[in-house]
Protein chains: 2
Amino acid sequence: MLDLGGIETSTDRALLRQKSRDFYWYSPILKALLDGKCADLLARPKDEAEVLRILAAARAAGMPVTARGGGTGNYGQCVPMQGGVVMDLSGMTGLLSLRDGVAEVEPGARMVDIDAWARPQGWELRLWPSTKRTATIGGFVAGGGAGVGGLHHGTLRERGNLLGVRVATMQDPPAILDLDGDRASPVNRTYGTTGIITRIRLPLTPAQDWRDVAVAFADFDDAARCAWALAHADGIAKKMCAVFDARLPPFFKGLETPAGQALLLTSITPAGMVALRDLVGDHRGTIFADQGMAAAEADPAATPFYEYCWNHTTLQVLKRDRGVTYLQCRFPFEGTLESLSAVRARFPDELWMHTECVRFGGRLTMSALPVIRWTNEARLYEIIAGFEAEGCGIANPHVVTIEEGSGYRRVPGDQLGFKKMVDPLGLLNPGKMKSFEEDRA
Amino acid sequence: MLDLGGIETSTDRALLRQKSRDFYWYSPILKALLDGKCADLLARPKDEAEVLRILAAARAAGMPVTARGGGTGNYGQCVPMQGGVVMDLSGMTGLLSLRDGVAEVEPGARMVDIDAWARPQGWELRLWPSTKRTATIGGFVAGGGAGVGGLHHGTLRERGNLLGVRVATMQDPPAILDLDGDRASPVNRTYGTTGIITRIRLPLTPAQDWRDVAVAFADFDDAARCAWALAHADGIAKKMCAVFDARLPPFFKGLETPAGQALLLTSITPAGMVALRDLVGDHRGTIFADQGMAAAEADPAATPFYEYCWNHTTLQVLKRDRGVTYLQCRFPFEGTLESLSAVRARFPDELWMHTECVRFGGRLTMSALPVIRWTNEARLYEIIAGFEAEGCGIANPHVVTIEEGSGYRRVPGDQLGFKKMVDPLGLLNPGKMKSFEEDRA
């Protein structure tokens, strides 16, 4: 098919199907759109030189190339809409250097492995997805960018959270660009449409001994107010803080939340426990479980609490009930709790609220990743409209293009201009950058 | 005078005068009020048992007791308004333990020494005053509580920033109370009126390799906008960020700011330098100096940039021009930069603006510690009224009582009730807690 002698490739149909998928099936809409999309060839480079050879061969053949890492995305980021090559970067796992708190790594390194390598050196990841134990850093940069740690560090779109990348282009011939600071923005969360990331310079944060803590509340509003106060408590160092409607914890295997109680999950440092108890007491909550996060993460039989959070919340429900889906929303910075109450009141039955305290642009708010009883697309868009009517932004996870899906999470910069330069033929993950497709049409 | 055999004491007049003062002379008003106030006896305990003996003897004699540490306060916190005993706690310097990021120390430990002890163990102070090299932790808890690090951690009044204290009371007989979490609030920033702090449990933060960076701007508003953007840049780890009117840097010996330029000083981690350059470039600034903070701190001939900041700004000017004083203000959370511009426009000549980016209650704003050309008290209060008219809070440094001076910095809790319990005779630093004096009258 392509002259890729010496490079690991496969045309095995079962493997191709597996490597052409991610977790897009959370969305019944994406499931209908993407089921059956499949690459023609799997290529698994072991280094940058092989990446360039694959790109050159695909370019010569006019074949699309779609990059993938751990395949833990939810938006079909790595689904090859027009077939061609799926380039699986999970073989490029190099942990190259860690100096002055900056890690240089290859894109296929799993995030849990980066953390395990960094922690003995005194550092940890600033941000990770709830899929930390399987996700790769390349996939997080190219198609994630938010999650645990966002309460402190914001998202990967904040200046300074991604220091640089090396990226392979689809020019003639394919070339390597080394981009730092703002110059790296054109490949930040563009699903591999603007080049194949071959190396990442990532700032870390000093490692801390996080403790997962679970707090139960008879009343959801008390839980939300407590989370909001905790988010603002600058004296308590935190990695995350999430709130769950009482209908969600019964799906959280391994966490025995008192029946009918709303749940707050947080990860704080040991020094914060005294202040947390004071704060929880103010809001009529009960601490009912706690554990060391690192120990839970290292134990395949245990569940670090972040695996109940972010996009894992929906997954925990889907494991036992396939009749639900979800949304990704951001509450307004002012009147945050009022907006939260208003949205819940609009959809008391079919929406099970789940929020994450986060920072965007240096300001605190809550993101919502509610679980939603699925009826049909029209109803889903009614719910979206309900959120918007209460001042929420939507990062729609039921669409495949960067522009439609990113909402408030879009990285600033001229990504379209960069795309035209590095992929003039439009062969990198075609169908995912709407502005480029429209520009060509 | 008192039976204090075995305890270090002195009645030397020169020493008593020295130990009855702090930096209240920044304020011409406090200077007139406090000059000449002097203790009758200096006592310097070496441990908690000696503190209790001094308190018991003073109580029996009906003598006031005023505690002091490094004497670096600016509000006359340690000036004995009614004479009596000055208890100098600078001899109780024990660094007792550091576990799970919590330090337990004695009140006389200098903050620079706590940091020097903690850093090799991987930790550093969350907060320190610009007088870090001479201030004691007891004085910071009892009469400071804000400063460098406030951009990240807020002030000492934020829940979780002070984990606990041991405090000696003026009861009959004097006793030791051990207070944790919210229970310690009654001795937080009460100038030693609610007990003598004998031990402090302080949460630290992971040590980082801070770099001091100086940026010049042709235009003050550009400097302020850059600082505001930097304060919100969650991808750039920062210990401080301050802005100075172009008339201030000529007083900063050792920092050659280009003539006529406004100044931004910040301390960031090495990983933040690339992003800082991008951000400074957006605002037409020029980085003209940088240094390692720890190296500067360890060198008596060098000046860590924080010694141009916070209350040191005014000191740098006073070294060469005794005709100025200052204020302490907090800008509103919304419309912060607009309020800043409006205040400057009201007082274009006699007010040299200096702001510090800080967090209060989890929200970013700027504090102002402007240098003000002194004319008279009436004019000072006109300037205060001008700040208030533009939405600013005032923590007035020209008064001696906790209540009048603390403004937005007051720690919540029933400090008066606690005072009545632990010091029923009103012998601890009399004249400093207005509500108590009024209650007695």
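Sequence order as written defines residue numbering, which begins from 1 separately in each chain. Lettering of chains starts at A and numbering of ligands starts at 1, both following the order in which they are written. Note on the predicted model: pLDDT of at least 70 is required for a residue's local features to be given, and 80 or more for side-chain atom pairs to be given and counted; whole-chain, interface and lining totals, by contrast, use all residues. Only hydrogens and water are removed before side-chain values are computed, so all heavy atoms of the structure are retained for them.

K.L.:
Summarise the overall build of chain A; cite the residues concerned and give the values.
P.N.:
A run of H or I in DSSP counts as a helix once it spans at least four residues, and a run of E counts as a strand once it spans at least two, with each numbered from the N terminus. If you tally the helices and strands in chain A, you get 15 helices and 21 strands. Note on method: radius of gyration uses C-alpha positions; expected globular size equals 2.2 Å times residues raised to 0.38. Taking 2.2 N^0.38 as the reference for a compact globule, 441 residues should give roughly 22 Å; the C-alpha atoms of chain A span a radius of gyration of 21 Å, in line with that estimate. Here the C-alpha coordinates of chain A stretch approximately 65 × 50 × 40 Å along the principal axes. Sequence separation of at least 24 residues holds for 72% of the intrachain contacts in chain A that already meet a minimum separation of 6. In short, Shrake-Rupley with a 1.4 Å probe defines the accessible areas, and a residue's cover is counted only from the protein chains shown. Of the accessible surface of chain A, which amounts to about 14800 Å², a share of 50% is contributed by carbon and sulfur atoms. Should any heavy atoms of two residues lie within 4.5 Å, those residues are counted as being in contact.

K.L.:
Kindly report on the packing of helix 7 (residues 220-232) of chain B against helix 11 (residues 336-346) of chain B, identifying the contributing residues and their values.
P.N.:
All names here are of chain B. What counts as an axis is a line fitted to C-alpha atoms, over the stretch in contact for a helix, and the angles between N-to-C directions run from 0 to 180 degrees. At their nearest, the axes of helix 7 and helix 11 sit 11 Å apart, and the two run at 150° to each other. Classified by the angle their axes make, helix 7 and helix 11 are roughly antiparallel. Crossing hand, helix 7 versus helix 11: right-handed. For the pair helix 7 and helix 11, the contacting residues are F220, D221, A224, R225 and W228 in the first and T336, L337, L340, S341 and R344 in the second. Under the scheme applied here, ten amino acids are nonpolar (Ala, Val, Leu, Ile, Met, Phe, Trp, Tyr, Cys and Pro), four are charged (Asp, Glu, Lys and Arg), and all others, including Gly, are polar. Residue composition of the contact of helix 7 with helix 11, by class: 5 nonpolar, 2 polar and 3 charged. Any angle that falls under 35 degrees is termed roughly parallel, while one over 145 is termed roughly antiparallel, one within 65 to 115 roughly perpendicular, and all others oblique. Crossing handedness: left-handed means the near helix sits turned counterclockwise from the far one by under a right angle, and right-handed means the same turn made clockwise.

K.L.:
So, the relation of the copies chain A and chain B: which residues are in play, and what are the values?
P.N.:
Superposing the copies works by least squares over the C-alpha atoms of residues that have pLDDT at least 70 in both of them. Note on the identical chains: chain A maps onto chain B by a rotation of 180° and an axial translation of 0.0 Å, with an RMSD of 0.0 Å. Such a combination of rotation and displacement between the chain copies is what one expects of a two-fold axis. For chain A, the residue whose C-alpha comes nearest the rotation axis is P206 of chain A, separated from it by 3.0 Å. A shared interface surface links the copies, since 100% of the contact residues of chain A are contact residues in chain B too.

K.L.:
Before we move on, could you go through the interface of chain A and chain B and cite the residues and values that matter?
P.N.:
The interface of chain A with chain B comprises 37 residues on the first partner and 37 residues on the second. Of the roughly 3000 Å² buried between chain A and chain B on both sides combined, carbon and sulfur atoms contribute 47%. Broken down residue by residue, the surface that chain A buries against chain B is led by R159, D234 and A271 of chain A, which jointly contribute 23%. Within this document, salt bridges are pairs made up of a side-chain nitrogen of Lys or Arg and a carboxyl oxygen of Asp or Glu, the two lying within 4 Å of each other. Our enumeration of links across chain A and chain B arrives at 8 salt bridges. Buried area: the sum, over both parts, of the accessible surface (1.4 Å probe) that disappears when the two are put together.

K.L.:
Go over the sheet that holds strand 1 (residues 8-10) of chain B, please, and point to the residues and values.
P.N.:
Residue and element names in this part refer to chain B. By the convention used here, strands pair only if DSSP detects at least 2 bridges between them. The strand order 1-2-4-3 describes an open sheet built from 4 strands, whose pairing is mixed. Only two strands of the sheet have a single neighbouring strand rather than two, namely strand 1 and strand 3 (65-68). Going across the sheet, the axis of each strand differs from the next one's by a mean of 25°, ignoring polarity. Strand direction decides the pairing type here: strand 3 and strand 4 (residues 85-88), joined by 4 bridges, are parallel. From the neighbouring strand, A67 faces strand 4, where its bridge partner is M87. Against the sheet, helix 3 (residues 48-61) makes contact with strand 2 (41-44), strand 3 and strand 4, and its axis sits at roughly 175° relative to strand 4, the strand it touches most.

K.L.:
If you had to explain the pattern of salt bridges to someone new, which residues and values would you point to?
P.N.:
Inspection of every chain in the model, using the stated rule, returns 72 salt bridges over all chains. Of the charged contacts in the structure, one is a salt bridge between K31 of chain B and D35 of chain B, with a shortest N-O distance of 2.8 Å. Note on classification: 1.4 Å probe, protein chains only; a residue is buried when its accessible area is under 20% of the maximum for its type, exposed when over 50%, partly exposed between these limits. Of the residues examined, D35 of chain B reaches a relative accessible area of 34% and is grouped as partly exposed. A salt bridge links R344 of chain B to D245 of chain B; the nearest nitrogen and oxygen atoms lie 3.4 Å apart. In this pair, R344 of chain B is assigned in helix 11 and D245 of chain B in the loop between strand 12 (238-244) and strand 13 (262-268), connecting sequence segments 99 residues apart. Take D245 of chain B: its relative accessible area is 4%, and that puts it in the buried class. The network of salt bridges with shared partners includes E48, E104, R166, D178, R199 and R201 of chain A.

K.L.:
Could you give me a rundown of the sheet that holds strand 14 (residues 285-292) of chain B, with the residues and numbers involved?
P.N.:
All names here are of chain B. One open sheet holds the 8 strands; their spatial order is 14-11-13-12-18-19-16-21, and the pairing between them is antiparallel. In the strand order of this sheet, the two ends are held by strand 14 and strand 21 (393-394), each with one partner. Strand direction decides the pairing type here: strand 12 and strand 18 (residues 354-360), joined by 3 bridges, are antiparallel. For A242, the partnering residue across the bridge sits in strand 18 and is E356.

K.L.:
Please give an account of the domain arrangement of chain A that cites residues and values.
P.N.:
Size of an interface: often given as the accessible area lost when the parts come together. Residue and element names in this part refer to chain A. Delimitation of the domains relies on an automatic or database domain assignment. Each assigned domain of chain A is listed here: domain 1 (91-207) and domain 2 (211-394). Each of domain 1 and domain 2 has a C-alpha centre, and the two are 26 Å apart. Contacts between the two partners involve 21 residues from domain 1, matched on the other side by 26 residues from domain 2. Regarding the contact of domain 1 and domain 2, the summed buried area is about 1700 Å², with carbon and sulfur atoms giving 55% of it. The largest contributions to the domain 1 side of the interface with domain 2 come from S130, R133 and L151, which together make up 46% of the buried area. A salt bridge links E297 to K132; the nearest nitrogen and oxygen atoms lie 2.8 Å apart. In protein, a polar contact means a hydrogen-donor-capable atom and an acceptor-capable atom, both N or O and within 3.5 Å, with residues adjacent in sequence counting only if both atoms are side-chain atoms; elsewhere, any N or O pair within 3.5 Å suffices. The interface formed by domain 1 and domain 2 contains 13 residue pairs in polar contact (both at pLDDT 80 or more). Secondary-structure elements contributing two or more residues to the side of domain 1 that touches domain 2 are helix 4 (111-118), strand 7 (123-125) and helix 6 (150-153). If one sorts the elements of the side of domain 1 that touches domain 2 by residue count, helix 6 sits on top with 4 residues. Residues belonging to the side of domain 1 that touches domain 2 are distributed by class as follows: 5 nonpolar, 10 polar and 6 charged.

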